[in-house]
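# Commentary on secondary and tertiary structure
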Amino acid sequence: MARKVRVEACQVRTESRVCPGMAQTEQGETYVLDARTPAERGICCQAFTAMSPFRTALEVTDQVGREQDGHLDITCPHGVVTFRLSRAY
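Description of the structure in this document. (Residues numbered from 1 in each chain as written. Predicted model: local features only at pLDDT ≥ 70, side-chain atom pairs only at ≥ 80, totals over all residues. Heavy atoms only, no water.)

Turning next to the overall build of the protein chain. Secondary structure summary: the protein chain contains one helix and four strands in total. In sequence order, the protein chain lays out its α and β elements as β-β-α-β-β. Counting only C-alpha atoms, the protein chain reaches 35 × 30 × 20 Å along its principal axes. Partitioning the contacts of the protein chain with sequence separation of at least 6, the portion at a separation of at least 24 is 53%. For the protein chain, the exposed surface amounts to about 5700 Å²; the carbon and sulfur share of it is 50%. Side-chain charges in the protein chain split into 11 positive and 11 negative, and the spacing between the mean points of these groups amounts to 3 Å. (Helix = DSSP H or I, 4+ residues; strand = E, 2+ residues; numbered from the N terminus. Contact = heavy atoms within 4.5 Å. Areas by Shrake-Rupley, 256 points an atom, 1.4 Å probe, with all protein chains shown as cover. Lys, Arg positive; Asp, Glu negative; His and termini not counted. Charge placed at Lys NZ, Arg CZ, Asp CG, Glu CD.)

Below is the structure:
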């Protein structure tokens, strides 16, 4: 069974703390990824694509993230938002 993965927009590198892209990601937004992506106010599709392999690794292995207190930081392709991925127990 796959584990759920918690995603937090832990840093947005703008003065307003809101990404200027179309998704308008705000610092502090959190999501739990499971079999489906969040629907109400979802993740930027380009950021999701960048984090997807790491999300899968967190879901199905015990090894990933151990060296960083159980989380991985992934920066979006535009370099504006850093997302922190961790297991959602």
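Alright, that's what it looks like, and here's the rest.
To continue, consider the sheet that holds strand β2 (residues 30–33). Pairing is antiparallel in the open sheet, where four strands are placed in the order β2-β1-β4-β3. A single partner strand is all that each edge strand has here, and the edge strands are β2 and β3 (71–75). Averaged over all pairs of adjacent strands, the angle between strand axes in this sheet comes to 25°, irrespective of strand direction. Here strand β1 (residues 4–12) pairs with β2 via four bridges, running antiparallel. Paired with V5 across the bridge in β2 is L33. Docked against the sheet, helix α1 (residues 45–60) engages β1, β2, β3 and β4 (81–88), running at close to 25° with respect to β4. (Pairing = 2+ DSSP bridges. Axes fitted to C-alpha atoms, helices over the stretch in contact; angles between N-to-C directions.)

A general trend in soluble globular proteins is that nonpolar side chains are found buried together. One finds V7, A47, M51, V81, F83 and L85 to be the most contacted residues of the largest nonpolar core, which totals 19 residues. Mapped by element, the contributors of at least two residues to this core are β1, β2, α1, β3 and β4. The greatest single-element share of this core, amounting to four residues, is contributed by β1. Setting aside anything within four residues of it in sequence, one finds F83 in contact with V7, E8, A9, C10, T25, A47, M51, L72, D73, I74 and C76. (Core = buried A, V, L, I, M, F, W, Y, C linked by side-chain atoms within 4.5 Å. Buried < 20%, exposed > 50% of the residue type's maximum accessible area, 1.4 Å probe, protein only.)

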